[in-house]
Amino acid sequence: NKAIEMDRKIPFFYLLKGIIAYWKAMPNDVCLPDDLFPVMFANGLFQLEVAQLELIRSAINDYRKAYQLAENAENKNQTEFILSAWVNTLSVDYSFQSDIMEPLHLLKESNPYNVTLLLFMMQRNMKLDDELTIDNLEIHASKSANKVGELVVLLELCLSKDDKKTAKRLLHEYKSLF
């Protein structure tokens, strides 16, 4: 009992609780044995049943609690990780479109170059900040630990701006990552 009470003060406890609710809500045929982190779906791929929607709502509450605990502990990496899981979870069903704005806004405040944030916004054709240029994103990607994720975002941005020349250059430049 003491360990459970202590866990309830740790953001990771609520993050995992939310992830478990997410996977319980997902149809069995989309669950891969090696997946843990929630997957982002383009434009709400599923229409979940009532019981599945309740599990996602439960996950939202768990993510919110995890975020609050991580934010109180001033753990920026943990808050971004939690917010990314929250966004990915809500991407599963279009009925959560308005709910997703809360973690998106928090992610944008925390890190406007966050891979989950930018991929989601580009997939949904949402307006990106004017400061988000190919050059700025390339500079950011060169310093990032998540080079593959940053490169995917950068390539998506190049393609959305019809800059195939830069996209091709980047693919050649970073081919060792793939």
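The coordinates are above.
A brief structural summary. (Residues numbered from 1 in each chain as written. Predicted model: local features only at pLDDT ≥ 70, side-chain atom pairs only at ≥ 80, totals over all residues. Heavy atoms only, no water.)

Concerning the packing of helix α5 (residues 101-110) against helix α6 (residues 115-123)
Consideration 1: Two elements in contact, α5 and α6, have axes separated by 9 Å at closest approach and are oriented at 125 degrees. With respect to α6, the axis of α5 lies oblique. Read as a crossing pair, α5 and α6 show a hand that is left-handed. The residues of α6 that touch α5, namely those facing L104, L107 and K108, are T116, L117, F120 and M121.
Consideration 2: Partitioned by chemical class, the residues of the contact of α5 with α6 number five nonpolar, one polar and one charged. (Axes fitted to C-alpha atoms, helices over the stretch in contact; angles between N-to-C directions. Helix = DSSP H or I, 4+ residues; strand = E, 2+ residues; numbered from the N terminus. Parallel < 35°, antiparallel > 145°, perpendicular 65-115°, else oblique. Left-handed = near helix turned anticlockwise from the far one by under 90°. Contact = heavy atoms within 4.5 Å. Nonpolar A, V, L, I, M, F, W, Y, C, P; charged D, E, K, R; others polar.)

Let's talk about the layout of surface pockets
Over the atoms, a rolling probe the size of a water molecule traces out where space has been left empty.
Consideration 1: By volume, the largest pocket is sized at about 370 Å³.
Consideration 2: For the largest pocket, the lining is made up of 16 residues, of which E80, N111, N114, V115 and N146 are closest to its centre.
Consideration 3: Mapped by element, the contributors of at least two residues to the lining of the largest pocket are α4 (76-90) and α6.
Consideration 4: The dominant element in the lining of the largest pocket, judged by the number of residues it contributes, is α4, at five residues.
Consideration 5: Its residues assigned to classes, the lining of the largest pocket comprises five nonpolar, eight polar and three charged. (1 Å grid on protein atoms, 1.4 Å probe; cavity = no way out; pocket = protein on both sides within 12 Å on 5 of 7 lines; lining within 4 Å. Points joined across faces, edges and corners; volume = space filled by probe spheres on them.)

With respect to helix α3 (residues 50-72)
Consideration 1: For α3, spanning 23 residues, the distance from its first C-alpha to its last is 33 Å, which sits close to the expected 33 Å at 1.5 Å a residue.
Consideration 2: Every buried residue belonging to α3 is among Q52, L53, I56, A59, I60, D62, Y63, A66, Y67, L69 and A70, and all of these are buried.
Consideration 3: Those residues of α3 hidden inside the fold are in contact with α2 (11-25), α4 and α5.
Consideration 4: Looking one or two places after α3, you find E74, whose phi comes out positive at around 55 degrees. (Expected span 1.5 Å × (residues − 1). Buried < 20%, exposed > 50% of the residue type's maximum accessible area, 1.4 Å probe, protein only.)

Read these as spatial facts, not as claims about activity.
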